[in-house]
Amino acid sequence: MDNYSSLVTAIIQDAMIGAPPKKEVVLILGDTPKYLVEHAGFPELPMVITGSVVEKACFDHGIPTSLLKRLPSVLDNPKSVFKSASFHVKGAAVVLTIEVHQSSPIIIPVHPNKQMGRGKFYNVVASVYAKEGSNPEVKWTREGLLLWQK
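Residues numbered from 1 in each chain as written. Predicted model: local features only at pLDDT ≥ 70, side-chain atom pairs only at ≥ 80, totals over all residues. Heavy atoms only, no water.

What about the pairing of strand 5 (residues 104–116)?
For a regular strand, side chains alternate in direction, first toward one face of the sheet and then toward the other. The element strand 5 is largely enclosed, with a buried count of 10 among its 13 residues. Examined bridge by bridge, strand 4 (residues 93–101) and strand 5 share 6 bridges and lie antiparallel to one another. Bridge pairing links Val94 to Pro109 in strand 5. Taking the residues that link successive antiparallel strands as the turn, the strand 4-strand 5 hairpin has 2 residues, and the phi of Gln102 there is positive, at about 50 degrees. In this sheet, strand 7 (residues 129–130) lies alongside strand 5 in antiparallel orientation, the contact comprising 2 bridges. Within the sheet, the bridge partner assigned to Ile107 lies in strand 7 and is Tyr129. Across 5 bridges, strand 5 lies against strand 6 (residues 120–125) in antiparallel orientation. Bridge pairing in strand 6 links Val110 to Val125. What sits between strand 5 and strand 6 in their antiparallel hairpin is a turn of 3 residues, with Gly117 showing a positive phi close to 80 degrees. (Buried < 20%, exposed > 50% of the residue type's maximum accessible area, 1.4 Å probe, protein only. Helix = DSSP H or I, 4+ residues; strand = E, 2+ residues; numbered from the N terminus. Pairing = 2+ DSSP bridges.)

Below, the structure written as structure tokens:
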């Protein structure tokens, strides 16, 4: 088991026994995928996720631990990428994965060039959740948000 996968397991096990959230833990997912650099304008920085986002994805959004452990490969093999409609984070993108949870597509909002710690910048996975409701791919494409599609 690789280091990232081991850390995800430890974070989830700690949360299950009531340990304090791991807000400050930064897990490296690897290099930012080329499609985000080339089509969404992301800088070539390491891609990360925090322990608190892992916990929230698992316990609040019901994302299986097995998927969270595979997150680096899930990000490397997306279905499409959309410009975020949110005005809160400039340049954010939403990765639409090929994965589903309870018949809904799993999406991964990503924030570019975010400072974490002292002077270190990363591209950050902000959340992982199943997008319920109408097909987001059709809606977001119609709204002109599509940046890239496999």
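Overview of the side chain of Glu99
Tracing the chain through its elements places Glu99 in strand 4. A polar atom in the side chain of Glu99 sits 3.3 Å from the side chain of Arg70. Discounting chain neighbours no more than four positions away, the residues touching Glu99 are Leu67, Arg70, Val74, Ser104, Pro105 and Ile106. (Polar contact = N/O pair within 3.5 Å; in protein donor to acceptor, adjacent residues only side chain to side chain. Contact = heavy atoms within 4.5 Å.)

With respect to the environment of Ser86
Within the fold, Ser86 resides in the loop between strand 3 (80–83) and strand 4. Within the local environment of Ser86, its side chain forms a polar contact with the backbone nitrogen of His88, the two atoms lying 3.1 Å apart.

Considering the side chain of Thr50
Tracing the backbone shows Thr50 in strand 2 (residues 46–50). Of note is the side chain of Thr50, whose polar atom sits 3.2 Å from the side chain of Ser52.

A closer look at the pattern of salt bridges
Following the criterion strictly, the structure yields 4 salt bridges and no others. With a shortest N-O distance of 3.8 Å, Lys34 and Glu44 are connected by a salt bridge. With Lys34 in helix 2 (residues 34–40) and Glu44 in the loop between helix 2 and strand 2, this residue pair connects regions lying 10 residues apart in the sequence. Here Lys34 matches Glu44 in class, with each residue exposed. Residues Lys79 and Glu137 are paired through a salt bridge, measuring 3.1 Å at the closest nitrogen-oxygen approach. Separated by 58 residues along the polypeptide, Lys79 in the loop between helix 5 (71–76) and strand 3 and Glu137 in helix 6 (residues 136–142) bring together distant segments of the chain. (Salt bridge = Lys/Arg side-chain N within 4 Å of Asp/Glu carboxyl O.)

A word on the environment of Asp76
For Asp76, the position within the fold is in helix 5. Classification of Asp76 as exposed rests on a relative accessible area of 54%.

Notes on a nonpolar patch on the surface
A cluster of nonpolar side chains, Met16, Ile17 and Phe59, forms an exposed patch at the surface whose accessible area comes to about 370 Å². As for its placement among the helices and strands, Phe59 is situated in helix 3 (residues 51–60). (Patch = residues over 30% accessible without salt bridge, like charges linked within 9 Å, V, L, I, M, F, W, Y side chains within 5 Å. Areas by Shrake-Rupley, 256 points an atom, 1.4 Å probe, with all protein chains shown as cover.)

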